[in-house]
Amino acid sequence: MSSSQDIELMAKLVPMGSRVLDLGCGNGEMLAYLRDHRSCSGYGIELADANVHACVQRGIDVIQLNLEEGLALFDDQSFDVVLQLDTLQNLRNTENMLRETARVGRIGVVSFPNFAHWPNRLHVLRGRMPITRALPYQWYDTPNIRVGTYSDFEVLAGRLELGVSDSFGLQAGRVVRHWPNLLASMAVFKFERGGVTP
Amino acid sequence: MASLGPVTAQDMHFSQPLPLKSGASLQGYTLRYETYGELNADKSNAVLVCHALNASHHVAGVDEHGKTGWWDNLVGPGKPLDTTRFFVIGVNNPGSCFGSTGPMHLNPRSEPTADEAGRVYGADFPVVTVEDWVDAQLRLVQRLGITQLAAVLGGSLGGMQALAWTLRHPQMLRHCVAVATAPNLSAQNIAFNEVARRAIVTDPDFHGGHFYEHRVVPKRGLRVARMIGHITYLAEDAMDSKFGREMKADVLSYSTQAIEFQIESYLRHQGDKFSEYFDANTYLLITRALDYFDPAREHGGNLSRAFEAACGKQFLLVSFTTDWRFAPARSRELVKALLDNRIAVSYAEIDAPHGHDAFLLADPRYHAVMRSYFERIASES
């Protein structure tokens, strides 16, 4: 779950008045924030019944859909921004979802827990899988089926030619731009059409 | 949660003919309807509930025959569609057999004879479409002094009517809530309807649709039609868990005619019950209306173009994973058409085991979404 500071920081990546698609929108918190503070409109995609209900409750338009089935409902470039926040690590088909994100949105924003954050490294050095605020699960019952690092994503983004225009880490509600792979528990990447491919 | 308690139906007569999609028209007709709750001062809290194949205006509460309305679990004080906040209208569609003008009523175009005022419509009742029903409903709504409905709600065939409202009279509503519905029937759906219709019209008591004057009812056909319908409303797993291979008796009777399995007993019971109250011509008319519904047809098969008319409306669509008659994929087609037009839509796909029937049941996840959506509508009214 993203903290309210994280939401504010990531919302800054979304231009005012954007039409937004939020993949794995959870309880609709981000979309509600974007609606209330950045005059955005759009839809969330969610699979969990309780989250779908929570979105309807707060007046966020939500479409119940399994992201593993892709984004066939959505036309190319039909959104200004596609968000994939704290979702990527739960998806089997990571590559396809990133391609779909870039296909449907002019701008894509992805965030995920950074496995290379130093406390995680310490856990692994001690011979145990990390259990932290960003990665709060035991290894045997984690929904995170894709664990990667900030640096890993840079490589993948390059290979998929995502055109990353901004990237940083998030740690304790602060943006981390120095050594984010070491110092941040969350990784955030913004990519857009015509952006620079690292 | 409290029920509405006793409710009374009312009739409204319309002397102006209703032009129909077929080119024909319906002369001087009556609509039977019920209302629940109070219309607020600015008349902004009205919700119209459209009925499906075998239902009626009697949506909620208990009528004079002691019968509970077909959507009583959803509509009432404190229920998801809360009648303490909304003014809810249930209306029986023309062609039906629950009080509105239908095939069993006098055809005003028929010649009076010495002993009769004329002939009842029977098979001569004009073919009515979903759009025709919506036009009839519109007149009722306007006569009630409502200039814009807060929402139109329906499930299955009722959902098609709710959709048709947004295409035909978009200025007349703000929200469309369409449950377990589809943008049109599949070939398989039409096939089931056709089997049901053949069962009715080939019943020797059908008399070409003019059975009334023979004082008989094609009950055999109606029974079979209902049995087929029932099979398609249930999911295979639900049928298995409810009936399985359970037998009526411990020993086999080795009869091809006797009831051996519980499922046979259930279907025959449903068929018998249905043939006692439902009209054969109504069954034909309503299944035909289902077959014909296809808003994309007038737009070269392009559903997205059809829904351009609904821009600015807000939608809630709900489907059920085990509903193979109106499968989730059909609702997703609707979602896509709405998304293509940048129309506000929420879509819930409820993992309920009950098949198509789920829309009439009270699955807590389903009702929670409905409740929250109507709360959202209420907060705007």
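Given the structure is predicted, the values throughout are model-derived calculations rather than measurements. Note that residues are indexed from 1 along each chain, following the sequence as it is written. The lettering of chains begins at A and the numbering of ligands begins at 1, in the order of writing. Two thresholds apply to this predicted model, a pLDDT of at least 70 for residue-level local features and 80 or more for giving and counting side-chain atom pairs, whereas whole-chain, interface and lining totals are computed over all residues. Side-chain metrics rest on all non-hydrogen atoms present in the structure, leaving aside hydrogens and water.

K.L.:
What should I look at first to understand the nonpolar core in this one?
P.N.:
General note: in soluble globular proteins, nonpolar side chains tend to be found buried as a group. Core analysis: the largest hydrophobic core is formed by 152 residues, its most contacted members being A:Ile63, B:Leu153 and B:Trp165. Once residues within four sequence positions are removed from consideration, B:Trp165 is found in contact with B:Leu48, B:Cys50, B:Val134, B:Gln137, B:Leu138, B:Val141, B:Leu149, B:Val152, B:Pro170, B:Met172 and B:Leu173. Only buried residues count toward a nonpolar core. Its members are Ala, Val, Leu, Ile, Met, Phe, Trp, Tyr and Cys residues joined through side-chain atoms within 4.5 Å. Burial classes follow relative accessibility: with a 1.4 Å probe on protein chains only, a residue under 20% of its type's maximum area counts as buried, one over 50% as exposed, and anything between as partly exposed. Listed in part, the 15 residues of the second largest apolar core include A:Phe153, A:Ala157, A:Leu162 and A:Val164. In what follows, residue pairs with any heavy atoms lying within 4.5 Å of each other are defined as contacts.

K.L.:
How should I be thinking about the side chain of B:Arg226 in this particular structure?
P.N.:
Within the secondary structure, B:Arg226 is located in helix H4 (residues 219–233). Not counting chain neighbours up to four residues away, the residues in contact with B:Arg226 comprise B:Asn54, B:Tyr233, B:Gln270, B:Gly271 and B:Phe274. In this description a helix means any DSSP run of H or I spanning at least four residues, a strand means any run of E spanning at least two, and both kinds are numbered starting from the N terminus.

K.L.:
Hey, could you run me through helix H7 (residues 280–292) of chain B in this one?
P.N.:
Two residues of an α-helix separated by three or four positions point the same way, owing to the 3.6 residues in each turn. Residues and elements named next belong to chain B. By this rule, a helix spans an expected 1.5 Å times one less than how many residues it contains. Across its 13 residues, H7 extends 19 Å between first and last C-alpha, which sits within 8% of the 18 Å expected from 1.5 Å per residue. Of all the 13 residues making up H7, 11 are buried; the element is thus mostly covered by neighbouring parts of the structure. For H7, the secondary structure elements touched by its buried residues are helix H1 (130–143), helix H2 (157–168), helix H3 (187–201), H4 and helix H6 (262–277). With a side-chain oxygen lying 2.9 Å from the backbone nitrogen of Asn-281, the N-terminal cap of H7 falls on Asp-279. In the analysis that follows, any N or O atom pair within 3.5 Å is treated as a polar contact, provided that within protein one partner can donate a hydrogen and the other can accept it, and provided that, for residues neighboring in sequence, both atoms belong to side chains.

K.L.:
Would you take a moment to explain the interface of chain B and chain A for this structure?
P.N.:
The parts lose accessible area when they come together, and the size of an interface is often stated as this lost area. Of the residues lining the interface, 20 residues belong to chain B; the matching set on chain A comes to 20 residues. Reported buried area values correspond to the accessible surface (1.4 Å probe) lost by two parts on association, with both partners' losses combined. Summed over both sides, the interface between chain B and chain A buries roughly 1700 Å², with carbon and sulfur atoms accounting for 53% of that surface. On the chain B side of the interface with chain A, the three residues burying the most area are B:Leu339, B:Arg342 and B:Arg376, jointly 28% of the side's total. Within this document, salt bridges are pairs made up of a side-chain nitrogen of Lys or Arg and a carboxyl oxygen of Asp or Glu, the two lying within 4 Å of each other. The interface formed by chain B and chain A holds three salt bridges in total. For B:Arg365, the salt bridge identified is with A:Asp49, shortest N-O distance 3.5 Å. Those elements that provide at least two residues to the side of chain B that touches chain A are helix H9 (328–340), strand S12 (344–350) and helix H10 (364–380) of chain B. Ranked by residue count, the leading element in the side of chain B that touches chain A is S12(B), at seven residues.

K.L.:
Which parts of the structure should I look at to understand the confidence of the model for chain B?
P.N.:
Low pLDDT marks stretches whose predicted atomic positions should not be read closely. Each residue carries a pLDDT score, the predictor's own confidence in it, on a scale running from 0 to 100. Of the residues in chain B, 99% have a pLDDT of 70 or more, and the chain-wide mean is 96. Across the interface, the model reports ipTM at 0.93; the global pTM reads 0.95.

K.L.:
Looking at this structure, I do not really get the pattern of salt bridges. What am I missing?
P.N.:
Pairing between side chains becomes possible if they bear opposite charge and their charged atoms approach one another. A complete count under the given rule lists 27 salt bridges over all chains for this structure. Residue A:Asp36 is joined to A:Arg35 by a salt bridge in which the shortest nitrogen-to-oxygen separation is 3.0 Å. In this structure A:Arg35 comes out as partly exposed when scored by relative accessible area, which is 34%. Across the salt bridge formed by B:Asp272 and B:Arg223, the nearest N and O atoms sit 2.7 Å from each other. Here the residue B:Asp272 occupies a position in helix H6, and B:Arg223 occupies one in helix H4, the gap between them amounting to 49 residues. Here B:Asp272 falls in the partly exposed class, since its relative accessible area comes to 36%. When its relative accessible area of 26% is taken as the criterion, B:Arg223 is described as partly exposed. Through salt bridges that share partners, B:Glu194, B:Arg197, B:Arg288 and B:Asp291 make up one connected network.

K.L.:
In this structure, what is going on with the packing of helix H1 (residues 4–11) of chain A against helix H2 (residues 29–38) of chain A? I would like to understand it.
P.N.:
Two quantities define a packed helix pair, namely the angle between the helix axes and the distance between the axes. Residue and element names in this part refer to chain A. Lines are fitted to the C-alpha atoms to define the axes, a helix being fitted only along its stretch in contact, and any angle between axes, read from their N-to-C directions, falls within 0 to 180 degrees. Running from N to C, H1 and H2 point in directions that differ by 55°, and their axes come no closer than 10 Å. Considered as vectors, H1 and H2 are oriented oblique to each other. Viewed along their axes, H1 and H2 form a crossing whose handedness is right-handed. Note on element contacts: H2 touches H1 through Glu-29, Met-30, Tyr-33, Leu-34 and Arg-38, opposite Ile-7, Glu-8, Met-10 and Ala-11. Under this grouping Gly is polar, as are all residues other than the nonpolar Ala, Val, Leu, Ile, Met, Phe, Trp, Tyr, Cys and Pro and the charged Asp, Glu, Lys and Arg. Here the contact of H1 with H2 is composed, by residue class, of six nonpolar, no polar and three charged. Any angle between 65 and 115 degrees counts as roughly perpendicular, while under 35 counts as roughly parallel, over 145 as roughly antiparallel, and the rest as oblique. Each crossing gets its hand from how the near helix is turned against the far one by less than a right angle, where anticlockwise is left-handed and clockwise is right-handed.

K.L.:
I tried to follow the pairing of strand S9 (residues 149–155) of chain B on my own but got confused; where do I start?
P.N.:
Put simply, side chains in a regular strand alternate between the two faces of the sheet. Residues and elements named next belong to chain B. Counting buried residues along S9, seven of its seven residues qualify, which places the element largely inside the surrounding structure. At least two bridges found by DSSP between two strands is the condition for calling them paired. Judged from the four bridges that link them, strand S5 (residues 46–50) and S9 form a sheet pairing that is parallel. Looking at the pairing, Val-47 lines up with Ala-151 of S9. In this sheet, strand S10 (residues 173–179) lies alongside S9 in parallel orientation, the contact comprising six bridges. Residue Val-152 lies in a different strand from S10, and its bridge partner there is Cys-176. Here a crossover is taken to be right-handed if, once the strands point away from the viewer, the path from the first strand over the helix to the second is traced clockwise. A crossover links S9 with its parallel partner S10, the connecting element being H2, and its sense is right-handed.

K.L.:
Help me understand the environment of A:Ala102 in this model?
P.N.:
For A:Ala102, the position within the fold is in helix H4 (residues 94–104). The contact partners of A:Ala102, leaving out residues within four places of it in the chain, are A:Gln77, A:Leu162, A:Phe191 and A:Arg193.

K.L.:
When you look at the environment of B:Pro108 in this model, what are you seeing that I'm missing?
P.N.:
Residues and elements named next belong to chain B. Checked against the element boundaries, Pro-108 lands in the loop between strand S8 (87–91) and H1. Judged by relative accessible area, Pro-108 falls into the partly exposed class, the value being 48%. Along the backbone, Pro-108 and Arg-119 are 11 residues apart, and their C-alpha atoms lie at a distance of 8.2 Å. With residues up to four places along the chain from it excluded, the contact list for Pro-108 reads Gln-27 and Tyr-121.

K.L.:
Sorry, what's going on with the packing of aromatic side chains here?
P.N.:
In this description, an aromatic ring pair is defined by two values, namely the gap between the centres and the angle between the planes. By convention, a stacked pair of Phe, Tyr or Trp rings (six-membered ring in the case of Trp) has centres within 6.5 Å and planes under 30 degrees apart, an edge-to-face pair has planes over 60 apart, and any other such pair is tilted. Scanning all chains against the criterion turns up 25 aromatic pairs over all chains. Ring centres of A:Phe112 and A:Phe153 lie 5.3 Å apart, and the angle between their planes is 35°; on these two criteria the pair is classed as tilted. Taken as a pair, A:Phe112 in strand S5 (residues 105–113) and A:Phe153 in helix H6 (residues 150–159) lie far apart in primary sequence, 41 residues in all. Judged by its relative accessible area of 3%, A:Phe153 is buried. Plain terms: the ring middles of B:Phe274 and B:Tyr283 are 5.7 Å apart, the flat faces sit at 80° to each other, and that makes the pair edge-to-face. Put simply, the rings of B:Phe98, B:Phe274, B:Tyr277, B:Phe278 and B:Tyr283 pair up and form one aromatic cluster. Should the NZ of a Lys or the CZ of an Arg lie within 6 Å of a ring centre and within 35 degrees of the ring normal, that charge is described as sitting over the ring. The lysine or arginine in question, A:Arg19, covers the ring of A:Phe79, its NZ or CZ lying 4.3 Å from the ring centre. The residue whose ring lies beneath B:Arg288 is B:Tyr292, and the NZ or CZ to ring-centre distance is 5.4 Å.

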